[in-house]
Amino acid sequence: MLGYVLANFFVYAGVNAFTPGPRNILALNTVTNYGWGKGKPLFFGIFAGYYAVQLICAVFVYGVGEFLPHALPVMKYVGTAYILWLAVHIAVSRPEVCAEQRSASFWKGFLLQFVNVKIYMFGITALTGYIVPYTAALPALLFFEGMIATIGTAATGTWIAAGMLIQRFYRAHYRPVNILLALT
């Protein structure tokens, strides 16, 4: 049973990490506009910020579990509703080039993660849906949030590596791509 739950956790984490969100889209557009060399500070900021936010999520879930144990089941459903809302938003969105992408700094990438609601909900939903029913120990929560951040970093790295190819295809076929990503 635990193996089944862990497998589902990793599938959920992989699908969520690889779908487009603020960090993946920013990384994609930055590598397209600046290349790896000039975009590197921003990419490292994204990676560091992602780990910091997931650390915050683990401590938050631990604190809520300790002090408001009846709130955790509700948070699972709030997180699920947010992920569904995000999927609908992706399906109907259009490609935009953001003016803020004109400079690729570490701090821009780092701070973006603190306003990226998707990764908060992702981290909290993953813990409350898959891990907390088996353990709410802080070291376990930190470990699994570290796994989420590592998977997310690999996903963003993939978007960076494929930036030019994805950007051209996406611009030409954004509507079917958005619908497919929303369905996943």
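Residues numbered from 1 in each chain as written. Predicted model: local features only at pLDDT ≥ 70, side-chain atom pairs only at ≥ 80, totals over all residues. Heavy atoms only, no water.

Enquirer: Would you mind going over the overall build of the chain with me for this structure?
Expert: Assigned secondary structure in the chain consists of 8 helices and 0 strands. For the chain, the α and β elements follow one another from N to C terminus as α-α-α-α-α-α-α-α. Evaluated residue by residue, the chain yields a buried proportion of 44% over its 184 residues. Look at the contacts in the chain between residues 6 or more apart in sequence, and 83% of them connect residues 24 or more apart. For the chain, the accessible surface area stands at approximately 9,600 Å², while carbon and sulfur atoms represent 74% of it. (Helix = DSSP H or I, 4+ residues; strand = E, 2+ residues; numbered from the N terminus. Buried < 20%, exposed > 50% of the residue type's maximum accessible area, 1.4 Å probe, protein only. Contact = heavy atoms within 4.5 Å. Areas by Shrake-Rupley, 256 points an atom, 1.4 Å probe, with all protein chains shown as cover.)

Enquirer: Please clarify how the packing of helix H2 (residues 22-67) against helix H6 (residues 138-161) should be interpreted in this entry.
Expert: Taken N-terminus to C-terminus, the directions of H2 and H6 make an angle of 170 degrees; their axes are 9 Å apart at the nearest point. Here H2 is positioned roughly antiparallel relative to H6, judged by the angle of their axes. Looking at the contact of H2 with H6, its residues break down into 24 nonpolar, 8 polar and 2 charged. (Axes fitted to C-alpha atoms, helices over the stretch in contact; angles between N-to-C directions. Parallel < 35°, antiparallel > 145°, perpendicular 65-115°, else oblique. Nonpolar A, V, L, I, M, F, W, Y, C, P; charged D, E, K, R; others polar.)

Enquirer: Could you clarify how one ought to interpret helix H4 (residues 106-114) in this entry?
Expert: Every α-helix winds through 3.6 residues per turn, so residues three or four apart in the chain are directed the same way. The set of residues buried in H4 consists of Gly-109, Phe-110 and Gln-113. Seen end-on, H4 carries its buried residues on one side only, within an arc spanning 95 degrees. Of the exposed residues in H4, the ones pointing more than 90 degrees away from its buried face are Trp-107 and Leu-111. Residues of H4 that are buried in the fold lie against H2 and helix H5 (117-131). (Arc of directions from axis to C-beta.)

Enquirer: Before we go on, may I ask you to explain the nonpolar core in this structure?
Expert: Nonpolar side chains in soluble globular proteins generally cluster together in the buried interior. Among the nonpolar cores identified, the biggest contains 23 residues, and Phe-122, Leu-127 and Leu-141 are the most heavily contacted of them. Elements with a contribution of two residues or more to this core: helix H1 (2-18), H2, H5 and H6. Ranked by the residues each element gives to this core, the list is headed by H5, at 7 residues. The residues touching Leu-141, leaving out its near neighbours within four places in the chain, are Ala-58, Val-61, Tyr-62, Leu-127, Ile-131, Val-132, Thr-135 and Ala-136. Judged by nonpolar contacts, the second largest core, of 9 residues, contains Leu-26, Ala-27, Val-31 and Ala-104. (Core = buried A, V, L, I, M, F, W, Y, C linked by side-chain atoms within 4.5 Å.)

Enquirer: When you look at the packing of aromatic side chains in this model, what are you seeing that I'm missing?
Expert: A ring pair, where both rings are aromatic, is described by two values, the distance of the centres and the angle of the planes. This structure, assessed with the given rule, holds 13 aromatic pairs. A centroid spacing of 6.1 Å and a plane angle of 75 degrees characterise the contact between Phe-44 and Phe-47, whose relative ring orientation is edge-to-face. Remark: Phe-47 and Phe-44 occur in helix H2; sequence separation between them is 3 residues, near one turn of the helix. Take Phe-47: its relative accessible area is 15%, and that puts it in the buried class. Here Phe-106 and Trp-107 contribute two aromatic rings whose centre-to-centre distance is 5.1 Å and whose plane-to-plane angle is 90 degrees, an arrangement assigned as edge-to-face. Overall, Phe-106 belongs to the partly exposed group, its relative accessible area being 30%. Taken together, the aromatic side chains of Phe-9, Phe-10, Tyr-12, Phe-122, Tyr-130, Phe-143 and Phe-144 make up a single cluster linked through ring pairs. (Phe/Tyr/Trp six-rings, centres within 6.5 Å; stacked < 30°, edge-to-face > 60°.)

Enquirer: Explain the environment of Ala-81 to me, please; I cannot follow it from the model alone.
Expert: Considering the arrangement of structural elements, one finds Ala-81 in helix H3 (residues 71-92). Taking relative accessible area as the criterion, Ala-81 reaches 44% and is therefore assigned partly exposed. Each C-alpha atom of the pair Ala-81 and Met-121 lies 9.8 Å from the other, and the pair is 40 residues apart in sequence.

Enquirer: Quick question: what am I supposed to make of a nonpolar patch on the surface here?
Expert: The grouping of Met-1, Leu-2, Tyr-4 and Tyr-134 at the surface amounts to a nonpolar patch, some 520 Å² of accessible area in total. Residue position: Met-1 is located in the segment before H1. Classification of Met-1 as exposed rests on a relative accessible area of 73%. (Patch = residues over 30% accessible without salt bridge, like charges linked within 9 Å, V, L, I, M, F, W, Y side chains within 5 Å. Salt bridge = Lys/Arg side-chain N within 4 Å of Asp/Glu carboxyl O.)

Enquirer: Looking at this model, I keep getting lost on the packing of H1 against H5. Mind explaining?
Expert: Any two packed helices are characterised by the angle at which their axes cross and by the distance between the axes. In contact at an axis separation of 10 Å, H1 and H5 are set at 170 degrees when each is read in the N-to-C sense. When the axes of H1 and H5 are compared, the pair comes out roughly antiparallel. Of the residues in H5, those in contact with Val-5, Leu-6, Asn-8, Phe-9, Tyr-12, Ala-13, Asn-16 and Ala-17 of H1 are Lys-118, Phe-122, Thr-125, Ala-126, Tyr-130 and Ile-131. Residue composition of the contact of H1 with H5, grouped by class: 10 nonpolar, 3 polar and 1 charged.

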